[in-house]
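Report on the structure
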Amino acid sequence: MTSRIETTSARESLWLDGPDAPSYPALADDLEVDVVVLGGGITGLTTALLCQLDGARVAVLEAERVAGGVTSCTTAKATALQATVYSTIRSRHGAAATQAYAAASLAAVERIAELTAANDIDCDLLRRPAFTYAAEESERAAVTREHAAAKEAGLDATLVDSPDLPFPTFGAIRLDDQLEVHPVRYVRGLAGALDDGSSVYENTRAIELSEGSRRTVQTSTGASVRAEHVVVATHYPVFDRGGYFARLEPKRSYCIAVRLASGTPPRGMSISAGDNTRSVRSYGDLLIIGGEGHDTGSDQAQPERYAQLETFAREHWDVAEVTHRWSAQDPVPYDHLPFVGPYLPTSKGLWVATGFMKWGITGGTFAAMMLADAIAGRESPWAATFTPTRLSLRSTPKIAQLGVKYTGNVIGDRLYPGDERDVADLGTGEGCVLRTAAGKSAVFRDDAGVLHAVSARCTHLGCDVQFNAAERSWDCPCHGSRFDVDGAVLEGPAVDPLEPHDVD
Ligand code: FES
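Description of the structure in this document. Computed from a prediction, not measured in an experiment: that's the story for all the values here.

A negative phi holds for most residues other than glycine; trans holds for most peptide bonds. Although it is not a glycine, Asp124 adopts a positive phi angle of roughly 50 degrees. Given a relative accessible area of 31%, Asp124 falls into the partly exposed group. One non-glycine residue with positive phi stands out, namely Asp177, at about 65 degrees. When you line up the elements, Asp177 lands in strand S6 (residues 172-180). Accessibility expressed as a relative area gives 48% for Asp177, which makes it partly exposed.

Here you go:
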């Protein structure tokens, strides 16, 4: 009943397919440092290295493996041209914020190149042009609008007839000299560049934070770290203070890598401007396609998401085989700007970075640059734009909408008793929420016919989880927590597992 199965998410990522990484020990003894960074992804490791360069002693605490979280689930484009981000930010925040976003993104691209060179990181870094293209005639206006906003923001972007793609498009924006990277090798390289005064600890989850002039982070190993500065770089902020869950909307998206039978993949990095996103880049002789995004916990989480990407690839290239498939979850801020800065309005020495809107390689890097500046006492020109304490009046209806969604889900869940299906009728690979003697149970039957049953009540704030058929997980539609079929937390904000149910 409790045997675990693999989900089909990050474990099949192209970026995790390779030799085992050097491992780091779990935290065994109490420690005192200047800065403790929670999260061993691109944001955390970049922050750690930049703080070390400022002379700080840093400890990085990673709940699992370095670069094994969302950093391993991206398409790994480091670019200041990001679909239609500038027209979106321009409409919500005005020209100054758009310029700050462009400057921060351009600086991040160059910082990645600098850190790679300075630390001799072997991460297949290549300069590439980035494109935002109109896949349909109806997307042409969005491309034109984005080009104007990007130019106003300070990007040296040009309008071109077509990107580097083997099918007709309806105009594109081009920005040269951006970067493609192997994200896992890059982040492991950052970790390897930390020297004796600083250290990385894996399988060490931060579980509690106590305040004071120096903060103490209690960890899952029983040991703790005291530090003047705590950086929360856990993708979705741990500790769940500051109401971040109410300001971030979790989105899922999917990626495949394919090997071509003939021809070569494009050398440009492209993304379509419309809602039906298609993101394209190459990695060696592999072609990577991303897209098919949807809200976390929606019934669109079906295996067809991968099939749609494969169909797109086969329509336009001579595909020999799909070599990898993986997915990502990204928290998108209610007002479409990342949150980078003090964790709470009154925080001194407690910092957060989150909400990179699916552009985490670039956003995570500029966030790290800003946090390192703040910790060293330097002013960042972008701090006011990204401060988590901002209130965007133009976007407050979105907060209300997210709140209504949560309230509606909770009320709906309480009224909905669960499917009346019999457990015996559940086929292999199927999952559903059933009314059982234990209450509402989230029940899944694996390929061997074994039932996995857990409580359907999300341990964050009590919405009912939904079955994600694409990845065989239980996903919460309220704030995006995800659990495996045995209840273990895959994504926060939940920190506690779903309790086991006995449905035999
Ligand atoms: S993630 Fe908030 S209730 Fe589930």
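This part is about the nonpolar core. Of all hydrophobic cores here, the largest spans 84 residues; its most connected members are Leu45, Tyr86, Tyr101, Tyr186, Phe366 and Phe386. Ranked by the residues each element gives to this core, the list is headed by helix H3 (residues 95-118), at ten residues. For Tyr86, the residues in contact, after removing those within four places along its chain, are Ala80, Thr98, Tyr101, Ala102, Ser105, Glu146, Ala149, Ala150, Ala153 and Leu155. Grouped together as the second largest cluster of nonpolar side chains are 24 residues, Val33, Val217, Val232 and Tyr334 included.

In this section: helix H1 (residues 42-53). Helix length check: H1 (twelve residues) gives 16 Å between terminal C-alpha atoms against 16 Å at 1.5 Å per residue, within 8%. Of all twelve residues making up H1, eleven are buried, and the element is well covered by its neighbours. Within H1, burial applies to Ile42, Thr43, Gly44, Leu45, Thr46, Thr47, Ala48, Leu49, Leu50, Cys51 and Gln52. Looking at the residues trailing H1, positive phi occurs at Gly55, about 100 degrees.

So, about the environment of Val485. Looking at the secondary structure, you find Val485 in the loop between strand S23 (482-483) and strand S24 (489-491). Val485 sits 42 residues away from Val443 along the chain, and the two C-alpha atoms are 7.9 Å apart.

Looking now at the packing of aromatic side chains. Here a ring pair, both rings aromatic, is described through the centre-centre distance and the interplanar angle of the planes. Using the criterion set out here, one finds 15 aromatic pairs in the structure. Summarising the aromatic geometry, the rings of Tyr101 and Phe386 are spaced 6.1 Å apart at their centres and angled 55 degrees between planes, so their arrangement reads as tilted. Residue Tyr101 is found in helix H3, and its partner Phe386 is found in helix H8 (residues 383-386); the two are separated by 285 residues along the sequence. In this structure Tyr101 comes out as buried when scored by relative accessible area, which is 0%. The exposure class assigned to Phe386 is buried, which follows from its relative accessible area of 0%. Ring geometry for Phe312 versus Trp317: centroids 6.2 Å apart, planes at 65 degrees, classification edge-to-face. Just as Phe312 is buried, Trp317 falls in that class too. Three or more aromatic residues link up through ring pairs in this structure, and these residues are Tyr86, Tyr101, Phe366 and Phe386.

Across the sheet, which stays open at both edges, the four strands sit in the order S21-S22-S23-S24 with antiparallel pairing between neighbours. Both outer strands of the open sheet, strand S21 (466-468) and S24, are each paired with one neighbouring strand and no more. When S23 meets S24, the two strands line up antiparallel, connected through two bridges. Each bridged residue has a counterpart across the sheet, and for Arg482 the counterpart in S24 is Glu491.

Glancing now at the pattern of salt bridges. Taken as a whole, this structure holds 31 salt bridges when the rule is applied. The partner of Glu32 in a salt bridge is Arg214, with the nearest N and O atoms 2.9 Å apart. Here Glu32, found in strand S1 (residues 31-38), pairs with Arg214, found in the loop between strand S8 (206-210) and strand S9 (215-219); they are 182 residues apart in sequence, far enough to count as distant. For Glu32, a relative accessible area of 38% puts it in the partly exposed group.

Attention shifts here to the state of the cysteines. Covalent bonding between the sulfur atoms of two cysteines is what defines a disulfide. The tally for this structure, following the rule as stated, stands at one disulfide. Free of any disulfide, Cys123 has its nearest cysteine sulfur in Cys73, 18 Å distant.

In helix packing, the relevant descriptors are the interaxial angle and the interaxial distance, both defined with respect to the helix axes. Axis separation between helix H2 (residues 85-93) and H3 bottoms out at 7 Å; the angle between their running directions is 145 degrees. In this structure, H2 meets H3 at a crossing whose hand is right-handed. On the side of H2, the interface is formed by Val85, Tyr86, Ile89, Arg90 and His93, while H3 contributes Ala95, Ala97, Thr98, Tyr101, Ala102 and Ser105. For the contact of H2 with H3, the class distribution of residues is seven nonpolar, three polar and one charged.

Reading guide: rules and limits
- Each chain carries its own residue numbering, running from 1 in the direction its sequence is written.
- Predicted model: local features are reported for residues with pLDDT of at least 70 only, side-chain atom pairs are reported and counted for 80 or more only, and whole-chain, interface and lining totals are derived from all residues.
- Heavy atoms throughout the structure, all of them, feed into the side-chain values; hydrogens and water do not.
- For the exposure calls, accessible area comes from a 1.4 Å probe over protein chains only, and a residue counts as buried if that area is under 20% of its type's maximum, exposed if over 50%, partly exposed in between.
- Where helices and strands are cited, they refer to DSSP runs of H or I of at least four residues and of E of at least two residues respectively, numbered from the N terminus.
- The criterion is simple. A nonpolar core is a set of buried Ala, Val, Leu, Ile, Met, Phe, Trp, Tyr and Cys residues joined through side-chain atoms within 4.5 Å.
- Contact between two residues is taken to exist if any of their heavy atoms lie within 4.5 Å; hydrogens are not considered.
- Here the expected span of a helix is defined as 1.5 Å times the quantity of residues minus one.
- Centres within 6.5 Å are what make two rings of Phe, Tyr or Trp a pair, Trp counting through its six-membered ring; a difference in plane orientation under 30 degrees is then read as stacked, over 60 as edge-to-face, and the rest as tilted.
- Here, any two strands with at least 2 DSSP bridges between them count as paired.
- Between Lys or Arg on one side and Asp or Glu on the other, a salt bridge is scored when a side-chain nitrogen of the former is within 4 Å of a carboxyl oxygen of the latter.
- Our working definition of a disulfide is a cysteine sulfur pair at a distance within 2.5 Å.
- Each axis is a line fitted through C-alpha atoms, taken for helices only over the stretch in contact, and angles between the N-to-C directions span 0 to 180 degrees.
- Helix crossings get a hand from a simple test, with the near helix turned counterclockwise from the far one by less than a right angle marking a left-handed crossing and a clockwise turn marking a right-handed one.
- Three classes are used: nonpolar for Ala, Val, Leu, Ile, Met, Phe, Trp, Tyr, Cys and Pro, charged for Asp, Glu, Lys and Arg, and polar for all others, with Gly counted as polar.

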